[in-house]
Amino acid sequence: MNCKNCDSQLTTTNNYCPNCGAKRIRHRLKPSVLLHQINEQFLSIDNRFLITFIDLFRAPEKVINGYIEGTRKKYIDVLQYLAIALTLVGIQVFLMNSFFNEELESSFDLLKSFESDPLEGSNDKKNPFQFDINSFNEINNYQSVIYIITIPFYAIASWLTNLIMRQKLLYNFTEHMVLNIYYYAQVIIITAVLSILFLCFGFNYLLISGVVSLLIFVYHYFTLKRVFGLDLWHSIAFYVLVMTAFVVIGFVILILFVLFLFILSYKNGSLG
């Protein structure tokens, strides 16, 4: 019998392929087989999801550096982890839109004082920076897309910083993508879970989002420090450069996008 994954020859005693490490499948798919796989991957105390989740908090360098250097059996694959995170975002958006509209509206009541022009003394004139529950819901529906678009920006920022500071540990761009996908997936998972949890207990969503955002920045700093093995001052400098590069890259992309829209509208106007 040959391995179904790499076609290597297997003996009758091989439970795992000696070439690629894949488990030998002896039975056809049944409900019990799927339940066993779900338990093995997500529910058991030694499942890879739980181990990956905990180690990304406790020692992110073990997961990220290990994956980059070839240790890819102990933890969930980087793209699978991102897929799980994006699935949780979809569940979060569905629950928020379906069951927590009243809680979200009460959270946005804090911003109502900014909706009118205080000089006019009337609520008829809207503030140009108005941001209400409807605007939030529109953006919230595209959370997954926003996350996916943001990841390459962070990867470019950390890659450029890594080149500028020239640490001993120098990763290529693809390896920086792995680093940032793991980081971002971890952030997405914890943010999705905490958002629903806080809403269930009636906390103000905007206030809690601000606190969670601050913790996310701290975790980002911690991840970069541990992955690159930096001391305090080098890690602070590295993080500041990463965030500066991220902001600059985002600003340049925004300017180019606005310029593109301007040229496109100008051409359409000329043709008209």
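Residues numbered from 1 in each chain as written. Predicted model: local features only at pLDDT ≥ 70, side-chain atom pairs only at ≥ 80, totals over all residues. Heavy atoms only, no water.

Counting residues in each nonpolar core, the largest one holds 48 residues, and the members touching the most others are Tyr81, Tyr182, Ile188 and Phe228. Looking at this core, the elements that each hand over two or more residues are helix H2 (48-58), helix H3 (60-69), helix H4 (78-99), helix H7 (143-165), helix H8 (173-200), helix H9 (205-228) and helix H10 (232-271). The element contributing the most residues to this core is H8, with 10 residues. Apart from residues no more than four positions distant in its own chain, Tyr182 is found in contact with Thr52, Leu56, Val63, Ile64, Tyr67, Ile76, Asp77, Val78 and Tyr81. (Core = buried A, V, L, I, M, F, W, Y, C linked by side-chain atoms within 4.5 Å. Buried < 20%, exposed > 50% of the residue type's maximum accessible area, 1.4 Å probe, protein only. Helix = DSSP H or I, 4+ residues; strand = E, 2+ residues; numbered from the N terminus. Contact = heavy atoms within 4.5 Å.)

On to the packing of H3 against H9. Following both chains from N to C, one finds H3 and H9 inclined at 55°, their axes separated by 9 Å at the closest point. When the axes of H3 and H9 are compared, the pair comes out oblique. Helix-helix and strand crossings are classified by hand; for H3 and H9 the assignment is right-handed. Contact residues: Pro60, Glu61, Ile64 and Asn65 in H3; Phe222, Thr223, Arg226 and Val227 in H9. Across the contact of H3 with H9, the residue classes break down as 4 nonpolar, 2 polar and 2 charged. (Axes fitted to C-alpha atoms, helices over the stretch in contact; angles between N-to-C directions. Parallel < 35°, antiparallel > 145°, perpendicular 65-115°, else oblique. Left-handed = near helix turned anticlockwise from the far one by under 90°. Nonpolar A, V, L, I, M, F, W, Y, C, P; charged D, E, K, R; others polar.)

Before going further, it helps to spend a moment on the packing of H2 against H3. Where H2 meets H3, the axes come as close as 5 Å, and the angle between the chain directions of the two elements is 110°. In terms of orientation, H2 lies roughly perpendicular with respect to H3. Across from Thr52, Asp55, Leu56, Phe57 and Arg58 in H2, the residues of H3 making contact are Pro60, Lys62, Val63 and Ile64.

Tallied over the full model, the rule gives 16 aromatic pairs. With a centroid separation of 5.9 Å and 45° between ring planes, the pair formed by Phe49 and Tyr81 is classed as tilted. Taken together, the residues Phe49 in helix H2 and Tyr81 in helix H4 connect sequence positions 32 residues apart. With respect to burial, Phe49 and Tyr81 carry one shared label: buried. For the pair Phe53 and Phe57, a centre-to-centre distance of 5.3 Å together with 85° between the ring planes defines the contact as edge-to-face. (Phe/Tyr/Trp six-rings, centres within 6.5 Å; stacked < 30°, edge-to-face > 60°.)

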